[in-house]
Amino acid sequence: MKHLIVLAWVFLTHEAQSLHIIAGDFSEMQGLAVPAADTLGGAPPANINTYEQRHKRSEDGQEDDKEEDLTDDHFIIQSYKVKSIITSRFAETVFSTRVRNRETTAQNVEFNLRIPKGAYITNFTMTVNNITFVGSVMEKRFARRAYAEARTQGKAAGIIRTYGREMEHFKADVNVPGGSKISFELYCQELLQRRLGFYEHIIILQPGNLVKQFQVDVYIFEPQGITYLEAPNRLGSQFEGLMHVTKGENKAHLTFKPTLDQQRKCPSCPDTAIDGSIVVKYDVDRKINGGSLQVSDGYFVHYIAPDNYAPLLKNIIFVIDVSGSMWGIKMKQTVEAMATILDDLSPRDQFTIIVFNHNVRCWIEHLVTATPAQIKEAKKYIENVQPSGGTNINEAILSAIHILTQAGNRGLLNRRSVSFIIMVSDGDPTVGEIKLSAIQRNIRTHMQDNFSLFCIGIGFDVDYDFLERIALENRGVARRIQANVNASSQLMDFYEEFATPLLSKIDVLYGGENVTDVTKNSFDKYFRGSEMIVAGRLADRDASILQSLVTAGGVYGYVGSHMESPTDELDKTLAKHQYVLPCFAKQLWAYLTIRQLLAKRAMAPSAMQKRNITSRIIDLALAHHFVTPVTSMLVQSEETGQKLLADSPRENAEGCCPGPPYIGTKTAPKTEMKHVFPTVPPQTVVSGVITTRIHLVDNDPHFIIHLPKSKQDICFNIDTAPGKILNLVSDPVKGIVVNGQIISGKKAKNNKLNTYFGTIGIHFSNLNLSFDISTEKIRLKDGNHKTLLQWAENTVLTHSSFVVSVRKNSNVTITVGEDVVFMILLHRVWKNHPTNVDFLGFYAPPTNVFSTSVHGLIGQFTHEPEVNVYNLRPGSDPNKPQATMEVKGHKITVTRGLQKDYRANGVRGTNVQCWFIHNGGKGFIDGHFKDYLVPHLYSFLERP
């Protein structure tokens, strides 16, 4: 007699996900003990309050309660339904079922659900013998407390708990009285990811038994239009023709509704033939720059997936585990995959191979061009490897970083190429450095900002969380593949996702003060067939147009695209359709924001920052009804007071690794902006810290100089008379000069007259191009042609050699070629302020490319000096310790303090910790600050 019934659904994932109902006859009743209906007076099901009226009991298709001798099991599955509604890539899937206990005695049912790693449960309701349990999302501690209190009062009915990271399992034990029914619905929401040029929605169907009412529906609505749709029959030949697909211009519907006879393995069999999956693959139309900017219900989602750019060159180091555990099928399939991957390399790409066990060995200790002869030799090398020994992950990855770093130092990496390391391993480190936190720290310390690390974990012996952490921290991704006969194709599929990089250093800007709470809007690399997604909120719903600017580096230099979208049209379109998610943009924004905050939380360097991030996640999860690792779902019945708890496991107290000491995020690792400076929105700041460090001068001129190699921020102030002009950057070879003219406040404040930059002059003599930027206007002179831009307007001015982007009353970004970018930030004060005046701030990335002759108060630090800080000691202020700094042959007393970076918040600023150099930067800058005074706004610095 069978006691296993399997019901499952899967969204976009590469791992098997399933929901099990295990029915058995237990002598000792356990789990949820629900009183019989007559003891409750036959109470009807409770009304279900649900978020935005979407989570309610299905009323379509009332089941026929007439029993049939379908199987010999204790339970009959009367209804099995899966309904997915996908609106603009955002999927809500509802799994609902109804089961009858056909025995006269109580039976125990165990629900063991596995849901997609990327999905969040949004609601779970269950009705047992007309007693309805309704889910509500709470902060974890409150939900646990409510459940614990119910248990002490004898009211707790059982527990639903999730197991494993990312909410993989969902489990409940329920005791069902004889002759009664149980039904439940579970809602999940997830954003479908584009991989290899299409979106994939998978529904695994393994009911285990015949089902009286079996139905699967998938509704797709894509405002851009659907260009490709495929739903192959993977359930077997007997179901050919039963999967019905209809497709219109921008919507599609798949339905699968087999009758009882069609489900049977044979005409008289009591067993079901349904055992497999429904897969829906589709892609959308991208007529405009590969993107779509969609606005709905006060939120916007920006999809960016351009495919019309030439590929960037690649510098790849393959790091392959050849320890003893790789012996056999794992190594065989790795060799097969590598043969295909190597053949895919372009003749202009560079690569080498590192294999590691207890030792680390290089095929060639430097990068070589992917010529046919080198490819042939590399294949032969891999084929001859014999797995044995332990696993020295630390030394293997550090060796790969060293090879790339050396190539970069020798000028062997094309400026417009991308460099990454692909590591394949099936186990944890056992040789050399084996502490995961130390390995993570070592990789972070040595990894260059323009390198990426991709990790492939084979099987389930490897610590996948660790691989994911080191990959995402270093601008890559991780993937787990199953160690079976398909491992070779899984490896190749993973590589194919990143085989064709098209753009690097992508930044997305939005016009106007109306845009708030933007999700991650800077991306390190973009690969063909994938998609970048940015979401945000609109402060003013009455605004008619939303504008965006996407800038990036391509194979031929700087590229950019501008887009605008009406803010009211999509809602009108959605209102005309029945099977859509009218709140998709709102939920998608919350989904992205929560996932990015969870990544930042995992990497938070302090307990305080972690608490602050956790608080924000909780607020969002409660508002949008998501069960996350920091929230729980309390499932309770108002009639009986019984409660169940949907919870995630307690985190490992030690964890994989401590958070990194630098300020960065797991999904948005630290990168230096090269092509554009957006004004960083508040949500990209972790507890008030800017994630991207740059050179800047702002306020009363406060200088902050970021030294990437020594990972220090150095500050100093310059105090000079109003009307004076200070040189910031002077490069006579490349013909670039930046000067700032000083203005003063209206009157002294605290016995000090503050001074600021009132005008910034930028001159490119080789291009005969000049910018005169004041607090009033932005003047541009290109040869004899003059252009006047206003701070009060969003403007993007594109030229063959430069781009000027004005963000209304906020900042102007000037990008010249692909090597130089400056941002000038505007500070406005209220008109009748007694002391303050409008002023400017100047921001420039350390990655700007200048000649060896560059100088100036900021320009000189393009060539980073060696800095040694030691002898840390208390200062006169206990909050400002002192130290000794050795720099440029000087020993300087420095003070630890805070300066302001105003990119994230133009009013209050964001605190940046730095070592403060007293006396106008004396000893840190070359000479005295008066040496940097120049006579005119476009004067180059005269050096002795």
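Residues numbered from 1 in each chain as written. Predicted model: local features only at pLDDT ≥ 70, side-chain atom pairs only at ≥ 80, totals over all residues. Heavy atoms only, no water.

> Help me understand the overall build of the protein chain, please; the structure alone is not making it clear to me.
A tally of regular secondary structure across the protein chain gives twelve helices and 52 strands. Across the protein chain, contacts joining residues at least 24 apart in sequence account for 69% of those joining residues at least 6 apart. Surface accessibility of the protein chain: about 38000 Å² in total, with carbon and sulfur atoms responsible for 48%. (Helix = DSSP H or I, 4+ residues; strand = E, 2+ residues; numbered from the N terminus. Contact = heavy atoms within 4.5 Å. Areas by Shrake-Rupley, 256 points an atom, 1.4 Å probe, with all protein chains shown as cover.)

> Is there a simple way to think about the state of the cysteines in this case?
Cysteine pairs can be covalently joined through their sulfur atoms, and such a bond is termed a disulfide. The tally for this structure, following the rule as stated, stands at two disulfides. Paired by a disulfide, Cys 266 and Cys 269 hold their sulfur atoms 1.7 Å apart. As the torsion about the S-S bond is roughly 90 degrees, the Cys 266-Cys 269 disulfide counts as right-handed. The side chain of Cys 715 participates in a disulfide bridge whose partner is Cys 914; the two sulfur atoms lie 1.9 Å from each other. The sign of the S-S torsion, about -120 degrees, decides the handedness of the disulfide formed by Cys 715 and Cys 914: left-handed. With Cys 715 in strand β37 (residues 712-717) and Cys 914 in strand β52 (residues 910-917), this pair connects stretches of sequence that are 199 residues apart. Taking the relative accessible area as the measure of exposure, Cys 715 reaches 0% and is therefore buried. (Disulfide = S-S within 2.5 Å. Buried < 20%, exposed > 50% of the residue type's maximum accessible area, 1.4 Å probe, protein only.)

> I'm lost on the packing of helix α6 (residues 436-446) against helix α7 (residues 464-473) in this one. Help?
The packing of two helices is summarised by the inter-axis angle and the distance between the axes. The N-to-C vectors of α6 and α7 enclose an angle of 15 degrees; their axes lie 10 Å apart at closest approach. When the axis of α6 is compared with that of α7, the two are roughly parallel. Note that α6 runs across α7; the crossing there is right-handed. Contacts from Leu 436, Ile 439, Gln 440, Ile 443 and Arg 444 of α6 reach α7 at Phe 466, Arg 469, Ile 470 and Glu 473. Classifying every residue of the contact of α6 with α7 gives five nonpolar, one polar and three charged. (Axes fitted to C-alpha atoms, helices over the stretch in contact; angles between N-to-C directions. Parallel < 35°, antiparallel > 145°, perpendicular 65-115°, else oblique. Left-handed = near helix turned anticlockwise from the far one by under 90°. Nonpolar A, V, L, I, M, F, W, Y, C, P; charged D, E, K, R; others polar.)

> Help me understand the sheet that holds strand β28 (residues 515-516) in this model?
Strand pairing in a sheet relies on backbone hydrogen bonds, with the paired strands running either antiparallel or parallel. Taken together, four strands build an open sheet; the order of strands is β18-β19-β30-β28 and the sheet is antiparallel. Each end of this open sheet is capped by a strand with a single partner; those strands are β18 (291-296) and β28. Here β18 runs beside strand β19 (residues 299-304); their pairing, made up of six bridges, is antiparallel. Residue pairing in the sheet places Leu 293 in a bridge with His 302 of β19. (Pairing = 2+ DSSP bridges.)

> What is the right way to read the confidence of the model for the protein chain from this model?
Interpreting fine coordinate detail is not advised for predicted regions of low pLDDT. When pLDDT is averaged along the protein chain, the result is 81; 83% of the residues meet or exceed 70. Note on residues 162-167: pLDDT under 50 across the span, and 21 contacts to partners over four residues away in sequence or across chains. For the stretch residues 649-691, pLDDT sits under 50, and the model shows 147 contacts to residues farther than four places along the chain or on other chains. (pLDDT = per-residue confidence, 0-100.)

> When you look at the sheet that holds strand β31 (residues 545-554) in this model, what are you seeing that I'm missing?
Taken in spatial order, the four strands of this open sheet run β29-β27-β31-β32, and their pairing is antiparallel. The sheet terminates laterally at β29 (522-527) and β32 (557-566), the two strands that pair on one side only. Pairwise comparison of adjacent strand axes, ignoring direction, gives a mean angle of 25 degrees for this sheet. By the bridge criterion, five bridges tie strand β27 (residues 501-510) to β31 in an arrangement that is antiparallel. Bridge pairing links Ser 504 to Gly 553 in β31.

> How should I be thinking about the nonpolar core in this particular structure?
Among the nonpolar cores identified, the biggest contains 57 residues, and Ile 762, Phe 771, Ile 773, Phe 822 and Phe 842 are the most heavily contacted of them. Setting aside residues no more than four positions away along its own chain, Ile 773 makes contact with Gly 758, Thr 759, Ile 760, Ile 762, Ile 778, Trp 791, Val 812, Ile 814, Ile 824 and Leu 840. Ranked by size, the runner-up nonpolar core spans 48 residues in total, among them Tyr 80, Ala 91, Ile 121 and Val 128. (Core = buried A, V, L, I, M, F, W, Y, C linked by side-chain atoms within 4.5 Å.)

> Is there a simple way to think about helix α3 (residues 329-344) in this case?
Because each turn of an α-helix spans 3.6 residues, side chains separated by three or four positions end up pointing in the same direction. Taking 1.5 Å per residue as the helical rise, α3 with its 16 residues ought to reach 22 Å, and the 23 Å between its terminal C-alpha atoms agrees with that figure. Lys 330, Met 331, Gln 333, Thr 334, Val 335, Ala 337, Met 338, Ile 341 and Leu 342 are the residues of α3 that are buried. Contact partners of the buried residues in α3: β20 (314-321), β21 (350-356), α4 (372-383), β25 (451-458) and α8 (487-497). (Expected span 1.5 Å × (residues − 1).)

> It is not clear to me how the packing of α3 against α4 should be interpreted in this structure. Could you clarify?
Where α3 meets α4, the closest approach of the two axes is 10 Å, and the angle between their N-to-C directions is 170 degrees. Between α3 and α4, the crossing angle belongs to the class labelled roughly antiparallel. Contacts from Val 335, Ala 339, Leu 342 and Asp 343 of α3 reach α4 at Ile 375, Ala 378, Lys 379, Ile 382 and Glu 383. Class assignment for the residues of the contact of α3 with α4 results in six nonpolar, no polar and three charged.

> Even after reading the chapter, I still don't get the pattern of salt bridges, so can you show me in this structure?
For side chains of opposite charge, pairing can occur when their charged atoms come near one another. Inspection of the entire model under this criterion finds 26 salt bridges. One salt bridge connects Arg 479 with Glu 497, and the closest N-O pair in it is separated by 2.8 Å. Here the residue Arg 479 occupies a position in strand β26 (residues 478-481), and Glu 497 occupies one in helix α8, the gap between them amounting to 18 residues. Neither residue differs from the other here; Arg 479 and Glu 497 are each classed as buried. One salt-bridge network, held together by shared partners, links Arg 89, Arg 194, Glu 222, Asp 283, Arg 286, Asp 307 and Glu 531. (Salt bridge = Lys/Arg side-chain N within 4 Å of Asp/Glu carboxyl O.)

> Just to check I follow, could you spell out the environment of Cys 362 for this structure?
Locating Cys 362 in the fold gives a position in strand β22 (residues 360-362). Look past the residues within four positions of Cys 362 in its chain and what remains in contact with it is Ile 353, Ile 354, Tyr 381 and Ile 403.

> Help me out: how do you make sense of helix α10 (residues 584-603) in this one?
In a regular helix each residue adds 1.5 Å, so 20 residues correspond to 28 Å; α10 covers 29 Å between its end C-alpha atoms and thus fits that length. A large share of α10 lies buried, amounting to 17 of its 20 residues.

> Which parts of the structure should I look at to understand the packing of aromatic side chains?
Given two aromatic rings, one states the distance between the centres and the angle between the planes to describe the pair. Across all of its chains, the model carries 27 aromatic pairs by this definition. Taking the centre distance of 3.7 Å and the plane angle of 10 degrees together, the rings of Tyr 219 and Tyr 579 count as stacked. One end of the pair, Tyr 219, is in strand β13 (residues 211-221); the other, Tyr 579, is in the loop between α9 (569-574) and α10, and 360 residues separate them in sequence. Taking the relative accessible area as the measure of exposure, Tyr 219 reaches 11% and is therefore buried. (Phe/Tyr/Trp six-rings, centres within 6.5 Å; stacked < 30°, edge-to-face > 60°.)

> Explain unusual backbone geometry to me, please; I cannot follow it from the model alone.
In this structure, Arg 89 is a non-glycine residue whose phi angle is positive, near 75 degrees. Position of Arg 89 relative to the elements: it lies in the loop between β4 (75-87) and β5 (90-101). One non-glycine residue with positive phi stands out, namely Asp 297, at about 55 degrees. With respect to the helices, strands and loops of the structure, Asp 297 is situated in the loop between β18 and β19.

> Where do I start with the pairing of strand β12 (residues 199-205) in this structure?
It is a general feature of regular strands that their side chains alternate between the two faces of the sheet. Judged by how many residues are buried, β12 sits mostly within the fold: seven of seven residues are covered. The two faces of β12 match: Tyr 199, His 201, Ile 203 and Leu 205 on one face and Glu 200, Ile 202 and Ile 204 on the other face are all buried.

> Would you mind showing me how to read the environment of Ser 79 here?
Here Ser 79 is to be found in strand β4. Separated by 104 residues in sequence, Ser 79 and Ser 183 have C-alpha atoms that sit 8.9 Å apart.

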